[in-house]
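In case you want the letters, here they are:
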Amino acid sequence: MRLGNDACCKSPWLVRAGVLILAFACLAAQPSSAQTYPSRQIELVVPFVAGGTTDTVARLIAQRLSDRWSQPAIVNNRPGGGSTIGTNLVARAMPDGHTLLVTTIAFAINASLQKQPYDAITDFAAITEIASIPLMLVVHSSLPVKNVKEFIAYSKAQPSGLDYATSGPGTSTHVAAEMFKSMTGANLVHLPFKGNAEVLNALLGGHVKAHFGLIASTLQHVRSGALRVLAATTTKRLAALPDVPTIAELGYPGYEISSWQGIFAPAGTPKDIVGKLNAEVVQMLALPEVRQRISREGADPVGSTPAEFTERFRDEVAKWGKVVKDSGLATAK
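Residues numbered from 1 in each chain as written. Predicted model: local features only at pLDDT ≥ 70, side-chain atom pairs only at ≥ 80, totals over all residues. Heavy atoms only, no water.

## A look at the pairing of strand β4 (residues 124-140)
Item 1. In terms of burial, β4 is largely enclosed, as 17 of its 17 residues are buried.
Item 2. Across 9 bridges, the pairing between β4 and strand β9 (residues 258-266) is antiparallel. Opposite F124, over in β9, you have P266 as the bridge partner.
Item 3. Direction of pairing for β4 relative to strand β10 (residues 300-301): antiparallel, over a ladder of 2 bridges. By the bridge assignment for β10, S132 is matched with D300.
Item 4. Of the pairings in the sheet, the one linking β4 to strand β7 (residues 210-214) comprises 5 bridges and is antiparallel in character. (Buried < 20%, exposed > 50% of the residue type's maximum accessible area, 1.4 Å probe, protein only. Helix = DSSP H or I, 4+ residues; strand = E, 2+ residues; numbered from the N terminus. Pairing = 2+ DSSP bridges.)

## A closer look at the side chain of H140
Item 1. Of note, H140 is situated in strand β4.
Item 2. Judged by its relative accessible area of 13%, H140 falls in the buried class.
Item 3. Separated by 2.7 Å, the side chains of H140 and S142 make a polar contact.
Item 4. Ignoring sequence-local partners within four residues, the contact set of H140 consists of L203, L204, G205, G206, V208, K209, A226, L227 and R228. (Polar contact = N/O pair within 3.5 Å; in protein donor to acceptor, adjacent residues only side chain to side chain. Contact = heavy atoms within 4.5 Å.)

## Some details on the pairing of strand β6 (residues 188-192)
Item 1. Of the strand pairs in this sheet, strand β5 (residues 162-166) and β6 are connected by 5 bridges, and their pairing is parallel. Within β6, the residue paired with T166 across the bridge is P192.

## Thoughts on the packing of aromatic side chains
Item 1. Throughout the structure, instances matching the rule amount to 14 aromatic pairs.
Item 2. Ring plane angle 85° and centroid distance 5.1 Å describe the contact between F107 and F264, whose orientation is recorded as edge-to-face. Taken together, the residues span a long stretch of sequence, with F107 in helix α6 (residues 106-113) and F264 in strand β9 at a distance of 157 residues. In this pair, the class of F107 matches that of F264, namely buried.
Item 3. Between Y118 and F124, the aromatic rings sit 5.6 Å apart at their centres with planes inclined by 85°, giving edge-to-face as the arrangement.
Item 4. For F124, a relative accessible area of 8% puts it in the buried group.
Item 5. Taken together, the ring pairs connect F107, Y118, F124, W260, F264, F309 and F313 into an aromatic cluster. (Phe/Tyr/Trp six-rings, centres within 6.5 Å; stacked < 30°, edge-to-face > 60°.)

## Some points on the side chain of N88
Item 1. Mapping N88 onto the fold places it in helix α5 (residues 84-91).
Item 2. Among the residues examined, N88 registers a relative accessible area of 15% and is labelled buried.
Item 3. Every residue in contact with N88, bar those within four places of it in the chain, is listed here: P117 and Y118.

## Side note on helix α10 (residues 215-224)
Item 1. Those residues of α10 not exposed but buried are I215, S217, T218, L219, H221 and V222.
Item 2. Next to the buried residues of α10 lie β4, α9 (196-204), β7 and β8 (227-232).
Item 3. Positive backbone phi, at 95°, marks G225, one or two positions downstream of α10.

## Here's the deal with the environment of T218
Item 1. Among the secondary structure elements, T218 is positioned in helix α10.
Item 2. Judged by its relative accessible area of 0%, T218 is buried.
Item 3. Sequence spacing of T218 and G298 is 80 residues, and the spatial spacing of their C-alpha atoms is 9.7 Å.

Structure below.
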């Protein structure tokens, strides 16, 4: 039997179908969050003082976003608390892509080193790894060692141990040495300084003899002969020093540390906004002039997907958590 118009209108399933169709039509008509983003100024928080490598890279990104999008992007340097102050600012920000964190390996190390007001894993969304920064073991030219084997033996022969300099507790230069001590049995004593400039002054003056330094700050002094490089901390030999072995290949497989820089958003930031940010930064990192600029800072441009950087960051947190625990560096939580 054929239904009349009144019967059609009163049919429950037809009413429900009409409601669903209307709902889908409304959703389709709405723009995605990425299409309306950004709607105001973007703030890139750098939890370190201005003028460093991370600050330089953050300003490159801010300029790129300002040039490409309809809203300005600025860098906000918020140092202090071992980078915790600036990081916490982003953790508490609205998850809308307008407040971002540009940080370093210190973010992963601090997750285990000291109590934090945020959870490094669950309170942030990884956008991309920006750059990787190699380290190398260097000694003052007066130290009577020519290779890693001699270095370890020399340190063990010192009744009070061999002093090594770092740019501060919990930095990449610190945990690199602590992992080395744990894997090799070297007798090394930590001498923390307030920054890289103080480390270099003490090292070049011969007041301290060893340092796991960033290639950006130490390579020129290796080439001048003031410092002697014994090994690289990376998995592969450095392009700038192809004759220098890695620590891993010298009989310590698994030893690896490269400092890195990355960009994060607060957890809960829509995936399409994360994807839009990732695409823009990765495209920027592929530009020859940007790659050259980052290389001058002693870093290697990366540009990973959010998924790749999320996995790398989780691995880094676990890795440095073990080093911190084994070395007894963690503060009470």
